[in-house]
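Okay, here's what each chain looks like letter by letter:
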Amino acid sequence: MAARMLLVKKIILVLLMLILGTGTCFAQTAGRNFLLYDLQMRYGGTFPLVTSLAEHLGHFEEDYVLVAVDDWQPGLLQDADTIVYAGLQQRKLPRELVEEIAGARQVLWFEDNIEQLAEVKGWHDFRSLGKVSDWTYINFKGRSFYDWMSVEYTDPGKNVNVIATAKKFIDEVPVIWQRENIYYSGMLEFNELFDDYMGYLLHQVFKRHTDDQRPKAFLRVEDVSSIVAPKAVKAVVEKIEKYNIPFAIGVVPVGIMDGKKHYLHEREELVEVLQEAQKRGASIIMHGYTHQNEFSPTTGEGYEFWNAKDDRPMEDEESFTVPRIEAGISELLRCGLIPLAFEAPHYAASQKTYEILSRYFNIYSGQLQISDDTDSVTMTLPYMTRSRYLYGMLVIPENMGFYDGGEFVVEEMMNKSASLKTIPGAVACFFYHGYLKPDKVGSIIEGLQKQGYEFLDLKYLPVKVQAQGIVITAEDGVVNAVVAEEVKQSWQTAAGEQYLKINKIVSVQAAVLVVILTVFVYIILKLKRNTKKHYEK
């Protein structure tokens, strides 16, 4: 009996190791930092402001706990380190809740209901001046911007550090200020104009995270696939290499045009160009598997993980996405190219797709789609962040745009990078298509260098990529890739399609393992019950 029990336990342990061994690359830890909110977005709005705020906070703290005001329980926020409150509606907050917020080491409060905190703090000289929606000037750090916005105006009283002001009619009124342990912003918005504002505000609050190192720039050569001319890619790569800077190449493993598939390993000349670039320091980013799907069928032009026809997620995302990710990683490795990060085609992906990606990659490059309702709800960031929305993936943003042949595009990109440079920890990122003439990429690189930027090398980040039989790591410039023999053997099958089938079978096998595990648990309980009866007799 004992031998049987031991055998069953060993089998279950092995199964658990197999199943748990394919979890996400990063796990978030619980802490005493809270993001408290009453609404995710404004009434009638479509942009998830709280989600965006959480993404910004990921640059500073990784362990924020999101709490809806209606879910708060007394004592939950007691002795908190940092509390960020997003007030998107006027409401009466529980007195005990406001007292817990006031007792935190530091508080960042946005918009509504600040007068309730002022009352608890005993600020008798505080006055609320009301909210105004209008075209407004915001002035901070000797700079200003002008936009339509809703601003909650206040007179915070005496002994206040004014960080930014807004023009209310003819008066300059504090819009960001600090009093005691409380920081306040009379507005919460996210778009390109507000990147600087939000980045500057958060660095005022989280001073211990402010970093004085040189600003970073990140260059990605984009949309390199088997249907792109190798000579064009080589020309762009060689132009960049003259500047002796690190850069990345977004590679699509399989190109599809006119219904025909072209695998990267079949394009020896292009593979050689990419291998040489990698040897000289370029990093590879997996840019989807085919960069297309049935609704947008041509590689490079089409979406992949989003139904562009109906503007919604793909059907059965698990079975659609998993084989593509695993086959794509394998195809790149087959070509001697080691993917260190992922970028979704057209930055379009549902949160379920992000969850699947986080099982394989821990670094994501690009803008973020933060809605499952439409791919038009996206956000950019001025710095890298540990993304809550992407299940702990480290996000390298794309915030400068890209060169598309326009007359003033380079000038606009330089203006954007100059603005980003004012934010501590900023990373200015852009991409340049691998099929374009290389004549403008040099002027962009030179412009960034003149502004004081240092180019980011992906290989110096804590990279981890994992798939069935594959583990890739990189840190401090050293890249390691371990590939199991069964994966290498799959490269001998017909043009990669067999690998897709293999991994579909693996997914089914994983489900079968779960069933087996359940049966074994039942057997153990049954054996224990029988053993107990035996001893009772």
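To be clear, the structure that these remarks concern was listed above.
Starting afresh in each chain, residues are numbered from 1 along the sequence in its written order. Residues qualify for local features only when their pLDDT is at least 70, as the model is predicted, and side-chain atom pairs are given and counted only at 80 or more; totals for whole chains, interfaces and linings, by contrast, use all residues. Hydrogens and water are ignored here; the side-chain numbers use all heavy atoms of the structure.

Asks: Quick one: what's the story with the overall build of the protein chain, residue by residue and with numbers?
Replies: By the criteria applied, helices consist of DSSP H or I runs no shorter than four residues and strands consist of E runs no shorter than two, each listed in order from the N terminus. Regarding its fold elements, the protein chain presents 13 helices and 27 strands. Only protein chains enter the area calculation, which uses a 1.4 Å probe; residues under 20% of their type maximum are buried, those over 50% are exposed, and those in between are partly exposed. In the protein chain, which comprises 537 residues, the proportion classed as buried is 54%. When the accessible area of the protein chain is evaluated, it comes to approximately 24,100 Å², of which 53% is carbon and sulfur surface. Working definition of accessibility: Shrake-Rupley area with a 1.4 Å probe, residue cover restricted to the visible protein chains.

Asks: I'd like a description of the sheet that holds strand β27 (residues 478-483), backed by residues and values.
Replies: The 3 strands lie next to each other as β25-β26-β27, forming an open sheet whose pairing is antiparallel. Each of the sheet's edge strands pairs with one partner strand only, and the pair in question is β25 (463-467) and β27. Strand-to-strand twist in this sheet, taken as the mean axis angle between neighbours without regard to direction, amounts to 5°. Strand pairing requires that DSSP identify at least two bridges connecting the strands. Relative to strand β26 (residues 470-475), β25 runs antiparallel, the two sharing 5 bridges. Across the sheet, the residue bridging to V465 is I472, located in β26. Every residue pair with non-hydrogen atoms within 4.5 Å of one another is taken to be in contact. Lines are fitted to the C-alpha atoms to define the axes, a helix being fitted only along its stretch in contact, and any angle between axes, read from their N-to-C directions, falls within 0 to 180 degrees. Helix α8 (residues 317-334) rests against β25, β26 and β27 of the sheet, and its axis sits at about 70° to β26.

Asks: Give me the nonpolar core: which residues, what numbers.
Replies: Among the nonpolar cores identified, the biggest contains 135 residues, and L219, I249, I329, Y364, I444 and L448 are the most heavily contacted of them. The residues touching L219, leaving out its near neighbours within four places in the chain, are I240, I245, F247, A248, F430, Y432, V441, I445 and F455. Ranked by size, the runner-up nonpolar core spans 25 residues in total, among them V69, A104, L117 and I182. The term nonpolar core refers to a set of buried residues drawn from Ala, Val, Leu, Ile, Met, Phe, Trp, Tyr and Cys, joined through side-chain atoms within 4.5 Å.

Asks: Help me get a handle on the pattern of salt bridges, residues and values and all.
Replies: Any Lys or Arg side-chain nitrogen found within 4 Å of a carboxyl oxygen on Asp or Glu counts as a salt bridge. One pass over the full model with this rule turns up 27 salt bridges. Taking the shortest distance from any N to any O, the salt bridge between R42 and E189 comes out at 3.2 Å. With R42 in the loop between β1 (33-37) and α2 (49-57) and E189 in the loop between β9 (182-185) and α5 (194-205), this pair connects stretches of sequence that are 147 residues apart. E241 serves as the salt-bridge partner of R280, at 3.0 Å between the closest nitrogen and oxygen. With R280 in the loop between α7 (268-279) and β14 (283-286) and E241 in helix α6 (residues 230-241), this pair connects stretches of sequence that are 39 residues apart.

Asks: Could you give me a rundown of α8, with the residues and numbers involved?
Replies: Helix span, expected: 1.5 Å multiplied by one less than the number of residues in the helix. A rise of 1.5 Å per residue sets the reference length of α8, with its 18 residues, at 26 Å; its end C-alpha atoms lie 26 Å apart and thus fit the reference within 8%. Counting buried positions along α8 yields 15 of 18 residues, so the element is predominantly enclosed. Positive backbone phi, approximately 80°, marks G336, located one or two places after α8.

Asks: Tell me about the pairing of β14, residues and numbers included.
Replies: Neither face of β14 is open: one carries S283 and I285, the other I284 and M286, and all of them are buried. In the sheet, strand β11 (residues 248-251) pairs with β14 via 4 bridges, with the strands oriented parallel. Considered in β14, the bridge of V251 is made with M286. Taken together, the 3 bridges between β14 and strand β17 (residues 339-342) define a ladder with parallel strand orientation. Looking at β17, one finds that M286 is bridged to F342.

Asks: So what's going on with the environment of M187? Residues and values would help.
Replies: Locating M187 in the fold gives a position in the loop between β9 and α5. For M187, a relative accessible area of 0% puts it in the buried group. Separated by 76 residues in the primary sequence, M187 and E111 have C-alpha atoms spaced 5.5 Å apart. Not counting residues within four places of it along the chain, the set of residues in contact with M187 comprises F110, E111, I138, F145, M149, S150, V151, F194 and Y197.

Asks: Got a sec to walk through the side chain of K416? Specific residues and values, please.
Replies: Assignment of secondary structure puts K416 in helix α10 (residues 409-420). Not counting the four nearest positions on each side in its chain, K416 is found in contact with E192, D195, N399 and M400.

Asks: Pulling in residues and values, what's your account of unusual backbone geometry?
Replies: With a phi close to 55°, E180 is a non-glycine residue in the positive phi region. Mapped onto the elements of the fold, E180 is located in the loop between β8 (171-179) and β9. Phi at D258 is positive, roughly 55°, even though this residue is not glycine. On the secondary structure map, D258 appears in the loop between β12 (254-257) and β13 (260-263).

Asks: Just give me the short version of the pairing of strand β6 (residues 143-155), but keep the residues and values in it.
Replies: In this sheet, β6 lies alongside strand β5 (residues 127-140) in antiparallel orientation, the contact comprising 13 bridges. Looking across to β6, one finds that G130 is bridged to Y153.

Asks: Account for a nonpolar patch on the surface, naming residues and giving values.
Replies: Patch criteria: residues need more than 30% relative accessible area and no salt bridge. Like-charged residues are merged within 9 Å; nonpolar side chains of Val, Leu, Ile, Met, Phe, Trp and Tyr are merged within 5 Å. Taken together, W135, Y137, Y146 and W148 make up a surface patch of nonpolar side chains, about 480 Å² in accessible area. Those elements giving two or more residues to the nonpolar patch turn out to be β5 and β6. Here Y146 lies in strand β6.

Asks: Describe the packing of aromatic side chains, with residues and values.
Replies: The aromatic pairing rule takes the rings of Phe, Tyr and Trp, using the six-membered ring of Trp, and pairs them if the centres are within 6.5 Å, calling planes under 30 degrees apart stacked, those over 60 edge-to-face and the rest tilted. What the rule picks out here adds up to 13 aromatic pairs. Residues F402 and F431 carry aromatic rings whose centres are separated by 4.7 Å and whose planes lie at 10° to one another, so their mutual orientation is stacked. Within this pair, whereas F402 is found in the loop between β22 (394-396) and α10, its partner F431 is found in strand β23 (residues 427-433), the two being separated by 29 residues in sequence. Of the residues examined, F402 reaches a relative accessible area of 35% and is grouped as partly exposed. In this structure an aromatic cluster arises from ring pairing among W123, F126, W177 and Y184.

Asks: Any chance you could break down α7 for me, citing the residues and the numbers?
Replies: Compared with the 16 Å implied by 1.5 Å per residue over 12 residues, the 16 Å span of α7 between its first and last C-alpha is a close match. All buried positions along α7 are accounted for by L270, V271, V273, L274 and A277. Down the axis of α7, the buried side of the element spans an arc of 160°, and every buried residue falls inside it. Counted as exposed and oriented over 90 degrees from the buried face of α7: E268, E272 and K279. Contacts from the buried residues of α7 go to β10 (216-224), α6 and β11. By definition, the arc is the one covered by directions from the helix axis to the C-beta atoms.

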